[in-house]
Structure formats: C-alpha cells, structure tokens
Amino acid sequence: GQLDECGYFRRARGHGDDVDVLLRYVESSERSQSRPVALDRVEWRLVKLNGRTVSVTTNKMRPRLRFDRDDHRVSGSGGCNRVSGSYQRNGEQIRFSQMASTRMACFDGMETEAQFLRALEQTRSWRIVGDQLELYDFSRNSLATFEARERE
C-alpha cells in the first residue's frame, strides 16, 4: 500500500484483516506545547473562575499569580489589588495561606477579586495540563483555571 493525501496507509494486511493506519506529522511547536509548564517558571493568568470565563476590560486587570519555589511564596494581582502569601505543595496537594492584599477600591473587578481570593482559600489540589493550571477544592471541583504566560 501507499500513503494517500490524508496520511492514510491503504491496504496494509495483518493476519487476514485490512488495516487502515493514520499517520500525522506533528510540528515541533505542537510537541513542545504538549509538555506541561513548570509551576514556578511562568506568570499564571486567570481565565476561568468557578466554571465561568473571566472577562476583563484590560489585561492589566486580569487576576494573576507567580510562584516562587525557593521560599514557597506566591504573589500577583486580584485584578485591582496586589496579593501575596505563601503556599505549601505536596504532590497534587496545595494550600495557600497568609494571603494578604492591598486595599485599594477599583471601579471594576472587585467582585471577581473577592471570588478569586475565596477560591485560593478553598484550594486543596492542583494540576497542570499543557499550558493551563487548574486549582480544585476538597471535592475536586474546579475553582480556577489559569493560562501560562512566559516571564519577560
């Protein structure tokens, strides 16, 4: 048999049965995206909160986090105020503690910021799939989904 234009290998024989095999060339950029991103190598930008897509008027107002593995600190923004605290990680388990934020009032985003901080308090586990970080509560319900952005 031969490969056709779709990448199928036609008329391959295996123990009396015809077999179709699909082969697809994967670009190197696609291969690199399938590997998980390290937790502390990127800035994590919030895209979903409690199952809902987070919309912001400017990217500057998007809640985000950065993890520092050496001193187990986390910092970032709730969208309006700076946030910081500590985290403890053990395998898939993660807990945020001593979370503090500045106390500015903003015209937009205060409700999202409050929900974001509550989600961090409720977080008990995490996983990274590709370039997304998922945070879960005790019952494994999704609390927050972040997308990785390379540090500049």
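Everything below is about the structure printed above this text.
Here goes a summary of the coordinates provided. What you see is a predicted model, and the numbers here were worked out from it, not measured in a lab.

**Looking at the nonpolar core**
In step 1: Counting 24 residues, the largest nonpolar core has Trp44, Phe67, Leu133 and Phe146 as its most contacted members.
In step 2: Residue assignment for this core shows that the elements contributing at least two residues are strand 3 (42–49), strand 5 (64–68), strand 7 (82–90), strand 8 (93–101), helix 2 (110–122), strand 9 (125–129), strand 10 (132–136) and strand 11 (142–150).
In step 3: When residues of this core are assigned to their parent elements, the largest contribution, four residues, is made by strand 3.
In step 4: When near neighbours in sequence (up to four residues on either side) are disregarded, Phe146 contacts Trp44, Arg45, Leu46, Val47, Leu65, Phe116, Asp131, Gln132, Leu133 and Leu135.

**Quick word on the packing of aromatic side chains**
In step 1: Here the structure, examined in full by the defined rule, presents three aromatic pairs.
In step 2: Aromatic side chains Phe67 and Tyr87 sit 5.1 Å apart centroid to centroid with 85° between the ring planes, which places their arrangement in the edge-to-face category. Separated by 20 residues along the polypeptide, Phe67 in strand 5 and Tyr87 in strand 7 bring together distant segments of the chain. Considered together, Phe67 and Tyr87 belong to a single accessibility category, that of buried residues.
In step 3: When the ring of Phe116 is compared with that of Phe146, the centres are 6.1 Å apart and the planes differ by 65°; the resulting orientation is edge-to-face. You can see Phe116 sitting in helix 2 and its partner Phe146 sitting in strand 11, a full 30 residues away along the chain. Neither residue differs from the other here; Phe116 and Phe146 are each classed as buried.
In step 4: Pairwise contacts between aromatic rings join Phe67, Tyr87 and Phe96 into one cluster.

What counts as what
Residues numbered from 1 in each chain as written. Predicted model: local features only at pLDDT ≥ 70, side-chain atom pairs only at ≥ 80, totals over all residues. Heavy atoms only, no water. Core = buried A, V, L, I, M, F, W, Y, C linked by side-chain atoms within 4.5 Å. Buried < 20%, exposed > 50% of the residue type's maximum accessible area, 1.4 Å probe, protein only. Helix = DSSP H or I, 4+ residues; strand = E, 2+ residues; numbered from the N terminus. Contact = heavy atoms within 4.5 Å. Phe/Tyr/Trp six-rings, centres within 6.5 Å; stacked < 30°, edge-to-face > 60°.

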